[in-house]
Amino acid sequence: HSLISLTKQWYQRRVRVPTDDSLFSDNQNSFVTEAGLSRVFVQCGKTLTNISLARCDVLSSDLISIMVEFCVAMTYLNISSNYCVDDVTLCQLATCQNLTSLDIANCERVTDGGMEMLVSQRPLTKLNAGNLLDVRVRTIESLILFCAQSLQNLLLDGGNLQDEDVAKLGQLPQLRMLEIQYCDEITDVGITPLSKLAHLSTLRLYRTFNLTSYSVSRLATNLSSLSTLLLSDCSEIDDRGLVSLGRYSPQLECLELAQSYCHTLTDVGLGAVVLGCPRLHTLVLKGLKGVRSFICLIPALRKRRLTHLHLGGCQNIPVSLLETVAAFCPRISIFGHYANRVKRSEFIKNCIDPPEVEVKKEGDMKE
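Residues numbered from 1 in each chain as written. Predicted model: local features only at pLDDT ≥ 70, side-chain atom pairs only at ≥ 80, totals over all residues. Heavy atoms only, no water.

## Here's the deal with the overall build of the protein
In terms of helices and strands, the protein carries 14 helices and 13 strands. Scored against the burial criterion, the 367 residues of the protein give a buried share of 50%. Within the structure as shown, the protein displays about 18,000 Å² of accessible surface, and the carbon and sulfur contribution to it stands at 49%. (Helix = DSSP H or I, 4+ residues; strand = E, 2+ residues; numbered from the N terminus. Buried < 20%, exposed > 50% of the residue type's maximum accessible area, 1.4 Å probe, protein only. Areas by Shrake-Rupley, 256 points an atom, 1.4 Å probe, with all protein chains shown as cover.)

## Details of the packing of aromatic side chains
In the structure shown here, the tally under the stated rule is zero aromatic pairs. Sitting above the plane of the Tyr-83 ring, Arg-109 keeps its charged end 4.9 Å from the centroid. (Phe/Tyr/Trp six-rings, centres within 6.5 Å; stacked < 30°, edge-to-face > 60°. Lys NZ or Arg CZ within 6 Å of the ring centre and 35° of its normal.)

## Notes on the pairing of strand S8 (residues 202–205)
Where strand S7 (residues 177–181) meets S8, four bridges bridge the pair, whose relative direction is parallel. Within the sheet, the bridge partner assigned to Glu-179 lies in S8 and is Arg-204. For S8 and strand S9 (residues 228–232), the ladder comprises four bridges, and the chain directions are parallel. Looking across to S9, one finds that Arg-204 is bridged to Leu-230. Viewed along the sheet, the connection from S8 through helix H9 (residues 213–222) into S9 turns out right-handed. (Pairing = 2+ DSSP bridges. Right-handed = clockwise from strand over helix to strand, strands pointing away.)

## A few points about the pattern of salt bridges
For the coordinates displayed, the defined rule picks out seven salt bridges. Among the salt bridges present, the one from Asp-238 reaches Arg-240, with a minimum N-O distance of 2.8 Å. The exposed category is assigned to Arg-240, whose relative accessible area is 60%. (Salt bridge = Lys/Arg side-chain N within 4 Å of Asp/Glu carboxyl O.)

## Considerations on the nonpolar core
Buried together is how nonpolar side chains tend to be arranged in soluble globular proteins. Counting 101 residues, the largest nonpolar core has Met-67, Leu-93, Leu-102, Leu-154, Leu-169, Leu-255 and Phe-294 as its most contacted members. Once residues within four sequence positions are removed from consideration, Leu-93 is found in contact with Met-67, Val-68, Leu-77, Ile-79, Leu-99, Leu-102, Leu-118 and Arg-122. (Core = buried A, V, L, I, M, F, W, Y, C linked by side-chain atoms within 4.5 Å. Contact = heavy atoms within 4.5 Å.)

## Let's talk about the environment of Val-88
As for its position among the elements, Val-88 is in helix H4 (residues 87–93). The spatial distance from the C-alpha of Val-88 to the C-alpha of Gly-114 is 6.9 Å, given a sequence separation of 26 residues.

## A few points about the side chain of Ser-232
By the element assignment, Ser-232 lies in strand S9. What makes Ser-232 buried here is its relative accessible area of 10%. Only 2.8 Å separates the side chain of Ser-232 from the side chain of Asp-233, close enough to count as a polar contact. In this structure, Ser-232 is in contact with Leu-205, Tyr-206, Arg-207, Thr-208 and Ala-258, ignoring residues within four places of it in sequence. (Polar contact = N/O pair within 3.5 Å; in protein donor to acceptor, adjacent residues only side chain to side chain.)

## A closer look at helix H6 (residues 137–146)
Restricting attention to buried positions, one finds in H6 the residues Thr-139, Ile-140, Ser-142, Leu-143 and Ile-144. Check the buried side of H6 and you find it contacts helix H5 (112–121), strand S5 (126–129), strand S6 (153–157) and helix H7 (163–167).

## With respect to unusual backbone geometry
Of note in the backbone geometry, Ser-81 takes a positive phi value of approximately 60° without being a glycine. Since its relative accessible area comes to 23%, Ser-81 is described here as partly exposed. We note that Tyr-182 has phi near 55°; this positive angle belongs to a residue other than glycine. Note that Tyr-182 resides in the loop between S7 and helix H8 (188–191).

## Overview of the side chain of Ser-244
The residue Ser-244 is located in helix H10 (residues 239–248) in this model. Of the residues examined, Ser-244 reaches a relative accessible area of 11% and is grouped as buried.

## Things to note about the packing of H10 against helix H11 (residues 267–276)
Remark: H10 packs on H11, axes separated minimally by 7 Å, with the N-to-C direction vectors making an angle of 10°. Viewed along their axes, H10 and H11 adopt a mutual orientation that is roughly parallel. Contact with H10, carried on its side by Asp-239, Leu-242, Val-243 and Gly-246, involves Val-268, Gly-269, Leu-270, Ala-272, Val-273 and Gly-276 of H11 and no other residues of that element. Broken down by class, the residue content of the contact of H10 with H11 amounts to six nonpolar, three polar and one charged. (Axes fitted to C-alpha atoms, helices over the stretch in contact; angles between N-to-C directions. Parallel < 35°, antiparallel > 145°, perpendicular 65-115°, else oblique. Nonpolar A, V, L, I, M, F, W, Y, C, P; charged D, E, K, R; others polar.)

## Considerations on the confidence of the model for the protein
Confidence along the protein averages 82 in pLDDT terms, with 82% of residues attaining 70 or more. Element-level mean pLDDT values for the protein span from 40 in helix H14 (residues 346–352) up to 97 in strand S4 (residues 101–103). Within the model, pLDDT remains below 50 along residues 1–29, and this stretch shows 64 contacts once partners closer than five positions in the same chain are excluded. Below a pLDDT of 50 lies the segment residues 338–367, which in the model reaches 25 contacts outside its immediate sequence neighbourhood of four places, other chains included. (pLDDT = per-residue confidence, 0-100.)

Right, dumping it as structure tokens:
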């Protein structure tokens, strides 16, 4: 009874309520009716701790009131992508004494007022507020005021945030995971203060068109716990950023760079990360057309923990190089570049058993 999943299979196996069909709707897109779900809350509410009602067609303000009243042990709630969720809903959830984790992504009627009321009463540890266009700087200020010592995971929509707003996130000292979507207007000025987050281990920034290697270097230098870094559309970052990651972030385990038609990142930056991050197991390079040949890194790849290499859009990498990696590093799975796993070819054979080459005299050698 620790998780509600709105499927008939879950109902038959998990929920100990009368087994008639009144719980389910005639609508094929919704298995559960509002009345049936109310019965679940009333009869099983005292033992429910994790509740997921994402994209629930029957969710309403009345049903939320019943859930708040009877599910007194609830610690995690996912009500994302529900139109009925608004500021009144958050005021109701503020009375849940044990609630610590909340997912309200894509609930477009939620504003700063409801968020301020909620966090002032409930010191959350995890909050997903992605794709909430009306959640702005007031929410960040409320989180700093009421959840500075508790909040560990935070997901925000950066579409309405400026540099000075994002910089305030540096005042959340316990933050361990931060994801910001739509960072179109955010520059190094807003990202650099995040280097104060000593416990930050996961950082995901999407659409970072204005981010440069300066902020990446600052993050690498100061975030000693950073293990996962995702930067999307970061076309202004060059090899200096990756060199800093390789030099100051040996604990890095996952690096994802998703760009389009970017020539500023080359084999030099890739080599710095591979050689400097021995714990790296996932490397995603999308659209990096400056990456061409890293054959000199194969001995290092064999000693590293790298198991997943994603090369989507790296069209300048020759097939022979991928065959070499597949032959010498069989544990590495290559994705996004050629559908079939490459096999040992004549090129590999020549690398291992090079053919005899006629040695010319020094006078016959051309430059």
